[in-house]
Amino acid sequence: MVSPPAPVKKVLVPITAGTEPVEACVPIDVLRRAGADVTVAAAGGGDADDGLLVVEVMYGVKIVADATVADCADASYDLVALPGGVPGAANLGGCAALESIVRRQALRGGLYAAICAAPPLALGRWGLLNGVKATAHPAFVEEFPAGVTAVDATVVVDGKVVTGSGPAPAMEFALALVEQLYGKDKADQIAKPMLVRYEPGYTFKEHNPVQWQCSGTRPKVLIPLANGSEEMESITIIDALRRANADVVVASAEDGVEVVGRYGMRIVADALLDAAAADQQFDLIIVPGGMPGAEKLVALLKKQAAANKPYGAIGAATAQVLEPHGLLKGKKAATCASMVAGLLADGGGEREEDSRVVVDGNVITSRSTGTAMEFAVAAVEKLMGREAAREAAEGLLFV
């Protein structure tokens with residue numbers, strides 16, 4: 001007799017004005033990869049737009065929520081996970097409807113979690129960390145109430161409570177949540193193809209070094225998105241570059257500005273790709289994984305290459321967008337899998353074995369989703385200098 005399938009795990013991730021986008025996106029993405037039914041809920045700060053909830057989180061990123069927190073008040077969850085951010089964590093801490101949900105979760109012995117400033121400013125404020133070991137962003141550790149044992153760690157699991165310290169450890173935090181819900185084997189299964197690395201810091205392999213040039217005081221960067229783009233890669237790169245004060249334009253290759261990522265996250269772009277390309281010149285164009293090689297994007301990339309201006313791709317986009325159109329000819333590139341390496345061999349590019357991030361002249365590539373933060377900080381260094389990269393990495397707790 002065949003056993004019935006296990007019930008789908010239900011997860012609630014609230015977002016609000018000022019939420020840290022990486023700390024929201026990474027757990028949402030990773031938990032959905034694990035098979036969880038994740039509801040992204042707006043806890044205030046949302047604007048109704050044709051029945052959708054658009055929340056502007058930190059660094060100008062706009063995310064469309066699935067529901068409001070109030071809509072979720074009567075539902076039951078296997079996990080409630082709070083992202084941090086300023087003032088996002090405090091905004092979540094001030095949401096009475098969310099407090100009621102998490103209190104009920106704690107009372108029934110359910111799993112709940114928070115990262116960055118949210119452990120002290122939300123869970124701690126509600127008294128839900130009393131007698132618990134927990135971590136938080138170093139700038140907010142002193143905000144813990146007296147009953148909490150603060151631990152200097154990236155991720156802490158204490159009973160049914162999981163806490164994390166900031167954006168760079170968001171991947172480790174998300175995988176810890178998967179382990180709590182599904183077990184270690186599942187977490188390892190997800191981490192391996194993404195090339196997750198838990199150690200902080202970034203390096204990149206450089207060939208044929210050139211000085212990347214910017215046309216103004218702030219580098220202008222284009223990040224095109226389409227339905228099916230890897231949202232974790234996209235959000236991480238946008239976050240890191242905007243932290244460094246780059247002028248980042250997120251452009252939709254679809255008919256409208258809303259784009260649905262590979263794992264269902266809905267992102268509102270700043271503009272349509274046609275309009276962005278017609279009106280502006282860019283110092284750097286970055287193509288996230290999952291982005292199709294649309295004709296208008298390829299034409300834009302070829303124009304960038306002809307002008308000797310920087311461009312790059314991460315994950316499968318290296319082979320699916322750059323390589324088939326001769327944009328890696330004679331270049332060394334990082335690739336995400338042996339399948340992609342085969343494509344590179346056919347099109348004139350050369351795979352850089354084992355390097356996570358590769359810069360060859362004006363081209364930057366990276367291997368997989370787990371290398372997105374390294375890729376982004378390396379791009380900051382090439383565009384804006386090592387000091388700017390160091391400051392961005394410190395803000396991400398990536399040092």
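This text follows the structure it describes.
Description of the structure in this document. (Residues numbered from 1 in each chain as written. Predicted model: local features only at pLDDT ≥ 70, side-chain atom pairs only at ≥ 80, totals over all residues. Heavy atoms only, no water.)

Some details on the nonpolar core
Generally speaking, a soluble globular protein has its nonpolar side chains buried in company with each other.
Consideration 1: Formed by 115 residues in total, the largest nonpolar core has its most connected members in V30 and L82.
Consideration 2: Residues A226, A271, L301 and V321 belong to the second largest nonpolar core, which totals 24 residues. (Core = buried A, V, L, I, M, F, W, Y, C linked by side-chain atoms within 4.5 Å. Buried < 20%, exposed > 50% of the residue type's maximum accessible area, 1.4 Å probe, protein only.)

Looking at the pairing of strand β24 (residues 363-366)
Consideration 1: The alternating pattern of β24 places V363 and T365 on one face and I364 and S366 on the opposite face, and all of these are buried.
Consideration 2: Alignment of strand β20 (residues 311-314) against β24, held across 4 bridges, turns out to be parallel. Bridged to A313 within β24 is T365.
Consideration 3: Two strands pair when backbone bridges link them, and strand β23 (residues 357-360) and β24 are joined in this way by 4 bridges, in the antiparallel orientation. If you follow D360 over to β24, its bridge partner there is V363.
Consideration 4: Here β23 folds back onto β24, and the loop between the two strands holds 2 residues, one of which, G361, carries a positive phi near 65°. (Helix = DSSP H or I, 4+ residues; strand = E, 2+ residues; numbered from the N terminus. Pairing = 2+ DSSP bridges.)

Examining the pattern of salt bridges
Consideration 1: Tallied over the entire structure, the rule returns 19 salt bridges.
Consideration 2: For R33, the salt bridge is made with E230, and the minimal N-O distance between the two is 3.0 Å. Residue R33 is found in helix α1 (residues 21-33), and its partner E230 is found in the loop between β14 (220-225) and α7 (231-243); the two are separated by 197 residues along the sequence. Residues R33 and E230 agree in their burial class; the two are buried.
Consideration 3: For R266, the salt bridge identified is with D66, shortest N-O distance 3.8 Å. With R266 in strand β17 (residues 266-268) and D66 in the loop between β5 (62-65) and β6 (67-68), this pair connects stretches of sequence that are 200 residues apart.
Consideration 4: Each of D29, R33, E230 and R262 takes part in one network of salt bridges that share partners. (Salt bridge = Lys/Arg side-chain N within 4 Å of Asp/Glu carboxyl O.)

With respect to the packing of α7 against helix α12 (residues 372-384)
Consideration 1: Where α7 meets α12, the axes come as close as 9 Å, and the angle between the chain directions of the two elements is 35°. In the crossing of α7 with α12, the sense of the turn from one axis to the other is right-handed. Contacts from E233, T236, I237, A240 and L241 in α7 reach A372, M373, F375, A376 and V380 in α12.
Consideration 2: Residues of the contact of α7 with α12, tallied by class, amount to 8 nonpolar, 1 polar and 1 charged. (Axes fitted to C-alpha atoms, helices over the stretch in contact; angles between N-to-C directions. Left-handed = near helix turned anticlockwise from the far one by under 90°. Contact = heavy atoms within 4.5 Å. Nonpolar A, V, L, I, M, F, W, Y, C, P; charged D, E, K, R; others polar.)

Some details on the sheet that holds strand β18 (residues 271-272)
Consideration 1: Strands sit in the order β13-β23-β24-β20-β19-β14-β15-β18 across an open sheet of 8 strands; the sheet is mixed. Only two strands of the sheet have a single neighbouring strand rather than two, namely β13 (205-207) and β18.
Consideration 2: With 2 bridges connecting them, β14 and strand β19 (residues 284-287) associate as parallel partners. From the neighbouring strand, L222 faces β19, where its bridge partner is I285.
Consideration 3: On the sheet, helix α9 (residues 295-306) packs against β14, β19 and β20 and is oriented at approximately 140° with respect to β19.
Consideration 4: Contacts from α12 reach β13, β14, β19, β20, β23 and β24, with the element oriented near 165° to β24.

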